[in-house]
Amino acid sequence: MGAHDGKFLPRPTPETEIFWLGCRNNQLMIQRCTACGHHQFYPRMLCTECASAQVDWVQASGRGTVKSFTIVRRPVTEAYAAETPYVIALIELDEGPTLMSNVTACDVEKVHIGMPVTVSFEAWSDDITMPLFRPAT
Amino acid sequence: MSSLRGKVAIVGAADTRVGKLPEFSATQLCVDAALRALADAGIGKDQVDGLVTCNSMAEPHMYHAEMIAEYLQIFPRYCMTASAGGGTAFAVLQHAASAIVTGVCDTVVVSMADSLRTGLTREQAMVMQSSAGHQQFETPFGPTVPAFYALIAQAHMAAYGTTPEQLAAVAVACRKHAARNPTAQMREPISVDDVLESRLIADPLHLLDCSLVSDGGSAIVLTSADRAGDFPHDPVYLLGVGEGHGHEHISQARSLTTSAAVDAGRRAYDMAGLQAKDIDVAGIYDCFTPVVLVELEDLGFCEKGEAGAFVADGGLDLDGSLPTNTHGGLMSHCHPGNPGSMYHLTECVAQLRRQAGDRQVADAEVALVHAQGGVMSSHCTLILGREV
Ligand SMILES: [Zn+2]
């Protein structure tokens, strides 16, 4: 039994494959529009800003700030019980897009809105590595 | 452009028993609600030519509305299963009203029910509801439904200085109303301290900041305004309706503290030709306490950031400036999932018919009901009145 057995693992699709491959390589990949420069997440077949189909993958800096967060005191399922209480946060990347993640490697009570964080990666299975965030140093 | 204003009326409205009802399936509750609403309207099932339901989590069916029609042995011209989470109940009124006005059908029953309490295990209910999260980019991190809404609460607190006490005041106000409603599931009065001392679920939300988990059903009968005088009770006219859709996943929200309730409300007010100050009684979707604060602000009942003080000062009470959720809301009356907002609607119908007993808002002429589904995602506002 691994520590992440039973968790809701993501099921990558052709559209998101590059993102998950990036995570396995410890790179946070997001999309950038070659027409207008807009960064976006999650991956899409068009730029949500200018509707161009010319969206490319780029490696994000991995830096961001906590836009909002909560400390989950009652896990969603038993598979998440071991790390309870855990932080669910919305992270606004320096490039602009927001994504949901966990803030780990710190006291949950220390997490606050506006806190600078940086990406870290954790393998949850042979195929899936998750992008998590920790306080920026 | 023609408008739906004053063109249709609610002529029947009824709830099933609510709470813990292991003796009924979700399908039975849906049928029971429909039958009660028809009895209230004084008509038989054969007079129904339109049926709208929502799917059930406990007893899902691929073709839900068709299944209910078959169960009832009615053969409608208009049959639709709606799916917009908590916003479902109201949003369908816009569609059902349009169907009536355009002659697609004459008499629509909207019946919604589910058995979240006894039809699912606690874990099943939690997983089912949190599955609204993004399968790849949200759900793996382990968010619960309270956690999704806690993100809203934290953002509101950080932006406007809203306090846990002010959030708690929403739950206290709902419970105060429920104490006057014999059908409510939870009627024992609670204090702000009781809320704050209840177990933390997802900071800053305590157990009593969260709505109930219930079994139950609720239904209305909608028909054209021309025919509305032919029924036993005072008709309740649809004066305004508007929807607003901002996102599906909370991580994609354009703002955490201002929602598409702004758009839904503006569209409904414009159609009705009314403003927030004209509303006598309200039903505001209250799955979690912070939702009420954001909606009160977005619907213009107070300035952005001031809803916490508005509620803490008794604004939602029977003698407050906006008596709200007088049945007790999702917080204290019942919350069977997707059908939840139907009870806000049937309560406002009771208020406008002046049938709300101990909790009647004196001289109520105009009511506003608002619901949202997803995580502050899909919004619908209805404005109802005694007169066109
Ligand atoms: Zn672009």
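Residues numbered from 1 in each chain as written. Chains lettered and ligands numbered in written order. Predicted model: local features only at pLDDT ≥ 70, side-chain atom pairs only at ≥ 80, totals over all residues. Heavy atoms only, no water.

Enquirer: Which residues make up the interface of chain B and chain A, and what are the values?
Expert: Many descriptions give the size of an interface as the accessible area lost when the pieces come together. In this assembly, 33 residues from chain B lie in contact with 38 residues from chain A. Summed over both sides, the interface between chain B and chain A buries roughly 3000 Å², with carbon and sulfur atoms accounting for 63% of that surface. The largest contributions to the chain B side of the interface with chain A come from Gln-136, Phe-137 and Phe-141 of chain B, which together make up 25% of the buried area. If you look at where chain B meets chain A, you find one salt bridge. Close ionic contact of Arg-73 of chain A with Asp-203 of chain B constitutes a salt bridge, the shortest N to O distance being 2.7 Å. Taken together, the connections running from chain B to chain A amount to 14 residue pairs in polar contact (both at pLDDT 80 or more). (Contact = heavy atoms within 4.5 Å. Buried area = accessible area lost by both parts, 1.4 Å probe. Salt bridge = Lys/Arg side-chain N within 4 Å of Asp/Glu carboxyl O. Polar contact = N/O pair within 3.5 Å; in protein donor to acceptor, adjacent residues only side chain to side chain.)

Enquirer: Describe the coordination of the zinc ion, naming the residues involved and giving the relevant values.
Expert: Each pair of donors in an ideal four-coordinate tetrahedral metal site encloses 109.5 degrees, whereas pairs in an ideal six-coordinate octahedral site enclose 90 or 180 degrees. All names here are of chain A. Distances from the zinc ion to its protein donors, namely Cys-33 (SG), Cys-36 (SG), Cys-47 (SG) and Cys-50 (SG), fall within the range 2.3 to 2.4 Å. For the zinc ion, the four donor atoms in the first shell make angles of 104 to 115° at the metal, so the coordination geometry reads as tetrahedral. The sequence pattern formed by the donor residues of the zinc ion is C-x2-C-x10-C-x2-C. Taken as a pair, Cys-33 in strand E1 (residues 29-33) and Cys-50 in the loop between strand E2 (39-40) and strand E3 (55-59) lie far apart in primary sequence, 17 residues in all. Classification of Cys-33 by relative accessible area gives buried; the value is 1%. Cys-50 gets classed as partly exposed once you look at its relative accessible area, which sits at 36%. (Donors = N, O, S within 2.8 Å, 3.2 Å for Na, K, Ca; no water. Tetrahedral: all angles 85-135°; square planar, octahedral: opposite > 155°, others 65-115°. Helix = DSSP H or I, 4+ residues; strand = E, 2+ residues; numbered from the N terminus. Buried < 20%, exposed > 50% of the residue type's maximum accessible area, 1.4 Å probe, protein only.)

Enquirer: Give me the lowdown on the packing of aromatic side chains, citing residues and values where you can.
Expert: The description of an aromatic ring pair rests on the distance of the ring centres and on the angle between the ring planes. By the definition in use, this model includes nine aromatic pairs over all chains. Ring centres of Tyr-149 of chain B and Phe-288 of chain B lie 4.8 Å apart, and the angle between their planes is 25°; this geometry places the pair in the stacked category. Taken together, the positions of Tyr-149 of chain B in helix H5 (residues 145-160) and Phe-288 of chain B in the loop between strand E9 (281-284) and helix H9 (289-298) put the pair 139 residues apart, joining distant regions of the chain. Given a relative accessible area of 5%, Phe-288 of chain B falls into the buried group. One aromatic cluster is present, built from ring pairs that chain together Phe-19, Trp-20, Phe-41 and Tyr-42 of chain A together with Phe-137 of chain B. The aromatic ring of Trp-124 of chain A is capped on one face by Lys-7 of chain A, whose charged end is 4.1 Å from the ring centroid. Here the guanidinium or amino end of Arg-44 of chain A rests over the ring plane of Tyr-42 of chain A, the centre of that ring lying 3.9 Å away. (Phe/Tyr/Trp six-rings, centres within 6.5 Å; stacked < 30°, edge-to-face > 60°. Lys NZ or Arg CZ within 6 Å of the ring centre and 35° of its normal.)

Enquirer: Any details on the sheet that holds strand E8 (residues 236-245) of chain B? Residues and values, ideally.
Expert: All names here are of chain B. Ordered by their spatial adjacency, nine strands build an open sheet running E3-E2-E4-E7-E1-E8-E11-E10-E9, and the pairing between neighbours is mixed. Looking at which strands have only one partner, the edges of the open sheet turn out to be strand E3 (78-82) and E9. Recorded for the sheet is a direction-independent mean angle of 25° between the axes of neighbouring strands. As judged from the seven bridges shared by strand E1 (residues 8-15) and strand E7 (residues 215-224), these two strands associate in the antiparallel manner. When the sheet's bridge partners are listed, Val-8 is paired in E7 with Ser-224. (Pairing = 2+ DSSP bridges. Axes fitted to C-alpha atoms, helices over the stretch in contact; angles between N-to-C directions.)

Enquirer: So, the confidence of the model for chain B: which residues are in play, and what are the values?
Expert: Fine structural detail should not be taken from predicted coordinates in areas where pLDDT scores are low. On average, chain B scores 96 in pLDDT, and the residues at 70 or more come to 99%. Listed scores for the predicted complex are pTM 0.97 and ipTM 0.98. (pLDDT = per-residue confidence, 0-100.)

Enquirer: Quick rundown of the pairing of E1 of chain A? Include the residues and the values.
Expert: Residues and elements named next belong to chain A. The element E1 is largely enclosed, with a buried count of four among its five residues. Across five bridges, E1 lies against E3 in antiparallel orientation. Pairing of Met-29 across the sheet is with Gln-59, part of E3. When E1 meets E2, the two strands line up antiparallel, connected through two bridges. Its bridge partner being in E2, Gln-31 is matched across the sheet by Gln-40.

Enquirer: Tell me about unusual backbone geometry, residues and numbers included.
Expert: Here Thr-84 of chain A and Pro-85 of chain A are connected by a cis peptide whose omega angle stands at 0°. For the bond from Asp-203 of chain B to Pro-204 of chain B, the omega torsion is 5°, close enough to zero to count as cis. With respect to the element layout, Pro-204 of chain B can be found in the loop between strand E5 (200-202) and strand E6 (205-206). Although it is not a glycine, Asn-26 of chain A sits at a positive phi angle of roughly 60°. Inspection of the secondary structure assignment puts Asn-26 of chain A in the loop between helix H1 (17-24) and E1. The phi dihedral of Asn-325 of chain B is positive, around 55°, even though this residue is not glycine. Here Asn-325 of chain B is to be found in the loop between helix H10 (307-312) and helix H11 (329-332). Given the relative accessible area of 1%, Asn-325 of chain B is considered buried.

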